[in-house]
Amino acid sequence: MTKALARTTTRPVSNVTFALAGDDVFERSLALAVEWMKARNAAIPAEASRGAPFDVGGGGTSVARATRIDYEEGRVWSATIDDPDDTHVGRTWITEITIGEYHGGVHFGSRLLNFTRGDEEAFTASVPGLVRDLVRELDCTADGQTLSQDGTLIATPDDLDTLCALLERPDRRLPVVVLAEGRDRQPRVPLRTLVARLTGAAHVFGMTDGCADLLVQRIGRSLSVYNGAVRLYRPGLRFDDADPFEHPLWLAYAGRTSERGDMVVARVLASSLSSPNTDYPRFDAVRATVISNELAERRARSPANDPDLVRLLEEQNATLGAKIEKADDELNQWLADAEATRTSSDQQIAELLSDLHRSRSQNDTLRQALATGGSGHTPRAPLTDLSNFGAWAAANLSPRIWISVKAIKETERNGQYRTPKEIGDALYALDEIYAPMRCEAQTELKSVWDERSTALGISVTPCFKREGDLKRHPEYSVSYRGGTHWCHLHLKRGGGKDPKGMFRIYFLIDENEQRILIGHMPSHLDNNMTN
């Protein structure tokens, strides 16, 4: 009877790259890398610290190899080492390291993979310890920001200015992780845990309560981090049109002890695997280039010496290089697809959790009123300040009304309507009457809506006379649940375009989720076809 072969699985864990600066930094970083490798395989020769290639393996020790290319514009040293896991038989950690110098600039790259033979077991994602050694000993930077092994505390308005500039930096490569102090609860995870496990893979910041309040004032609560929570800000962030659910927030909960932060770390490191901006030559690619160069030199020295063999070796090497490149491209594409799917799923889950949190908060208020002898009716607060519109909407509107970040920001920053209460009353009418009338087919509410809308001086009409005209105007679009939707309706009060004397609420009805999606308010969208 043939014995079944044990299943093997290789999983990428992390991918890190950053710049190095200082005198002789290529040599110093190479020496640190070899020192780190020798702690796992003492058979690595002494000359390896000076950049000599080596190939050490077998005998129960970690397989370790290194190769090097020197050329006119610079040099590249690359290595790989297998490190068997002492706590899990059949598990090996594979670390690939590349240090490259080009026209005087030096960059470091490292990729960590998990190879398991047999049944898989969960593992804790992290970056190689070598990364922490380099950040501790050398001047390491990414996105113009010095990488720190201790994290950076945002404690002053100037610190906050620096952080916000980094968050919106167009060419930012690394994610930014911010942990806020806990005002009345334990932080989600200790800052030192995040820093230790994400060194080099992300910019990690702590934030005081005072700066967390300032951040809320500056970019709105929906994009901020506060009271012990952790937030991951992905590259490509723009405050004015960001979708908060693309930048995951992990809240801290009162009474819950701080956690290890596995979810946060796993999310950051997973995004590093598929990032197009963290690419560098892999060990196999560097080694294939070295072999190709050696063959070319051999042929140049003795072109008549067994040319058929040389040609065959070159063909084999070219084939190997093509296979490596194809496999790497396929892996990167698979990782990119997986990360896109993960991001979309995470975004939808975050939106659902946000709705659930709002519903629970409103239910808690209702239960408290009933417990204290109330009627069960919780009066809604009037809207009195447009600059605090987002907080008012979250506290008073039901999940039947969803308002985009850009609509909240437009209202808070540019809203000039002289009587904010009337905007609030219009939203209450949409929430209490129009939404159930349209989304839940409660036709008996039609007369109630007519009466309320007349009393408030509001009306709901299509934005365009011809439906096909809508999609020619991107300002009427809104992103929701990973898709693009179009606001074909608007609620109107007042005429003209004076923002002090009129307002508009542009929205659509999501029949599947039975809710109103508001994409823009309170200003008039300029369009000569709008009625």
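Residues numbered from 1 in each chain as written. Predicted model: local features only at pLDDT ≥ 70, side-chain atom pairs only at ≥ 80, totals over all residues. Heavy atoms only, no water.

Before going further, it helps to spend a moment on the overall build of the protein. Broken down by element type, the protein carries 12 helices and 20 strands. For the protein, the residues scored as buried account for 46% of the 531 residues in total. Nonlocal contacts in the protein, meaning residues at least 24 apart in sequence, comprise 65% of its contacts between residues at least 6 apart. Total accessible area on the protein stands at roughly 26,700 Å², and carbon and sulfur atoms take up 50% of it. (Helix = DSSP H or I, 4+ residues; strand = E, 2+ residues; numbered from the N terminus. Buried < 20%, exposed > 50% of the residue type's maximum accessible area, 1.4 Å probe, protein only. Contact = heavy atoms within 4.5 Å. Areas by Shrake-Rupley, 256 points an atom, 1.4 Å probe, with all protein chains shown as cover.)

What follows is about the packing of aromatic side chains. Applying the stated rule across the entire model yields 9 aromatic pairs. Residues Trp-392 and Tyr-428 carry aromatic rings whose centres are separated by 5.3 Å and whose planes lie at 55° to one another, so their mutual orientation is tilted. Separated by 36 residues along the polypeptide, Trp-392 in helix H9 (residues 389-396) and Tyr-428 in helix H11 (residues 420-439) bring together distant segments of the chain. Across the pair, exposure class does not vary: Trp-392 and Tyr-428 are buried alike. Ring geometry for Tyr-476 against Tyr-506: centres 5.4 Å apart, planes inclined by 85°, an arrangement best described as edge-to-face. Placement of Tyr-476 in the loop between strand S15 (459-462) and strand S16 (477-480) and of Tyr-506 in strand S19 (residues 503-510) is noted, with a sequence separation of 30 residues between them. Cluster of aromatic residues (ring-pair linked, three or more members): Phe-389, Trp-392 and Tyr-428. The cationic tip of Arg-221 hangs over the ring face of Tyr-226; the distance from NZ or CZ to the ring centre is 3.9 Å. (Phe/Tyr/Trp six-rings, centres within 6.5 Å; stacked < 30°, edge-to-face > 60°. Lys NZ or Arg CZ within 6 Å of the ring centre and 35° of its normal.)

This brings us to the packing of helix H1 (residues 25-38) against helix H2 (residues 129-137). The contact between H1 and H2 brings their axes to 10 Å, and the two run at 140°. In the packing of H1 onto H2, the handedness of the crossing is right-handed. Here Arg-28, Ser-29, Leu-32, Ala-33 and Trp-36 of H1 come into contact with H2, specifically with Gly-129, Leu-130, Asp-133, Leu-134 and Glu-137. Across the contact of H1 with H2, the residue classes tally to 5 nonpolar, 2 polar and 3 charged. (Axes fitted to C-alpha atoms, helices over the stretch in contact; angles between N-to-C directions. Left-handed = near helix turned anticlockwise from the far one by under 90°. Nonpolar A, V, L, I, M, F, W, Y, C, P; charged D, E, K, R; others polar.)

All right, on to the pattern of salt bridges then. Taken as a whole, this structure holds 20 salt bridges when the rule is applied. Close ionic contact of Arg-75 with Glu-27 constitutes a salt bridge, the shortest N to O distance being 2.8 Å. Of this pair, Arg-75 sits in strand S4 (residues 74-84) while Glu-27 sits in helix H1, placing them 48 residues apart in sequence. Residue Arg-75 is classed as buried on the basis of its relative accessible area, which comes to 17%. On the basis of relative accessibility, which here comes to 37%, the residue Glu-27 falls in the partly exposed class. Ionic pairing is found between Asp-171 and Arg-169, a salt bridge with its closest N-O pair at 2.6 Å. For Asp-171, a relative accessible area of 48% translates into the label partly exposed. A cluster of three or more residues bridged by salt bridges with shared partners is formed by Glu-27, Arg-75 and Glu-101. (Salt bridge = Lys/Arg side-chain N within 4 Å of Asp/Glu carboxyl O.)

Moving on to the side chain of Thr-92. The topology assignment puts Thr-92 in strand S5 (residues 91-102). Residue Thr-92 is classed as buried on the basis of its relative accessible area, which comes to 17%.

Turning our attention to unusual backbone geometry. With the exception of glycine, most residues fall at negative phi, and the peptide bonds are largely trans. Here the residue pair Met-521 and Pro-522 is connected by a cis peptide bond, since its omega of -10° sits within 30 degrees of zero. With respect to the helices, strands and loops of the structure, Pro-522 is situated in the segment after strand S20 (515-520). Positive phi outside glycine occurs at His-103, with the angle close to 50°. Phi is positive for Asn-227, close to 50°, though the residue is something other than glycine.

A residue-level look at the protein finds 78% of positions with pLDDT of 70 or above and a mean pLDDT of 81. When pLDDT is averaged over each helix and strand of the protein, the minimum, 53, is found for helix H8 (residues 307-371) and the maximum, 95, for helix H3 (residues 157-167). (pLDDT = per-residue confidence, 0-100.)

A separate point is the packing of H9 against H11. Orientation of H9 relative to H11, taken along the N-to-C sense of each, is 30°, at an axis distance of 12 Å. In terms of orientation, H9 and H11 fall into the roughly parallel class. The chirality of how H9 crosses H11 is right-handed. Packed against H9, whose contacting residues are Phe-389, Trp-392 and Asn-396, the element H11 presents Gly-424, Leu-427, Tyr-428 and Asp-431 at the interface. Each residue belonging to the contact of H9 with H11 can be placed in one class, and the counts come to 4 nonpolar, 2 polar and 1 charged. (Parallel < 35°, antiparallel > 145°, perpendicular 65-115°, else oblique.)

Its location among the elements puts Arg-472 in the loop between S15 and S16. Reaching out from Arg-472, the side chain makes a polar contact with the side chain of Asp-469 at a distance of 2.5 Å. (Polar contact = N/O pair within 3.5 Å; in protein donor to acceptor, adjacent residues only side chain to side chain.)

What the 8 strands build is an open sheet, ordered S2-S3-S4-S5-S6-S1-S7-S8; its pairing is antiparallel. Edge strands, defined here as strands with exactly one partner in the open sheet, are strand S2 (54-56) and strand S8 (145-146). Two elements, S5 and strand S6 (residues 105-117), share 12 bridges in a ladder whose sense is antiparallel. Bridge pairing in S6 places Glu-101 opposite Val-106. Across the sheet, H1 lies against strand S1 (8-21), S2, strand S3 (64-71), S4, S5 and S6, angled at about 15° from S4, the strand it touches most. (Pairing = 2+ DSSP bridges.)

This part is about the nonpolar core. Counting residues in each nonpolar core, the largest one holds 54 residues, and the members touching the most others are Phe-18, Met-37, Trp-77, Phe-108, Val-177, Leu-194 and Leu-198. No other element matches H1, which puts 8 residues into this core. The contacts of Leu-194, once residues within four sequence positions are left out, are Val-177, Leu-179, Val-189, Val-204, Val-230, Val-264 and Val-265. One finds Ala-429, Ile-433, Tyr-434 and Leu-489 within the second-largest nonpolar core, a separate group that totals 35 residues. (Core = buried A, V, L, I, M, F, W, Y, C linked by side-chain atoms within 4.5 Å.)

Before going further, it helps to spend a moment on helix H6 (residues 262-273). Taking 1.5 Å per residue as the helical rise, H6 with its 12 residues ought to reach 16 Å, and the 17 Å between its terminal C-alpha atoms agrees with that figure. Counted residue by residue, H6 has 9 buried out of 12 residues, so it is predominantly covered. Turning to H6, its buried residues number three or more, namely Val-264, Val-265, Arg-267, Val-268, Leu-269, Ala-270, Ser-271, Ser-272 and Leu-273. (Expected span 1.5 Å × (residues − 1).)

The next thing to look at is the pairing of S6. Across 12 bridges, S1 lies against S6 in antiparallel orientation. Paired with Leu-20 across the strands is Val-106, a residue of S6. Once S5 ends, the chain turns through 2 residues before running back antiparallel as S6, passing His-103 with a positive phi of about 50°.

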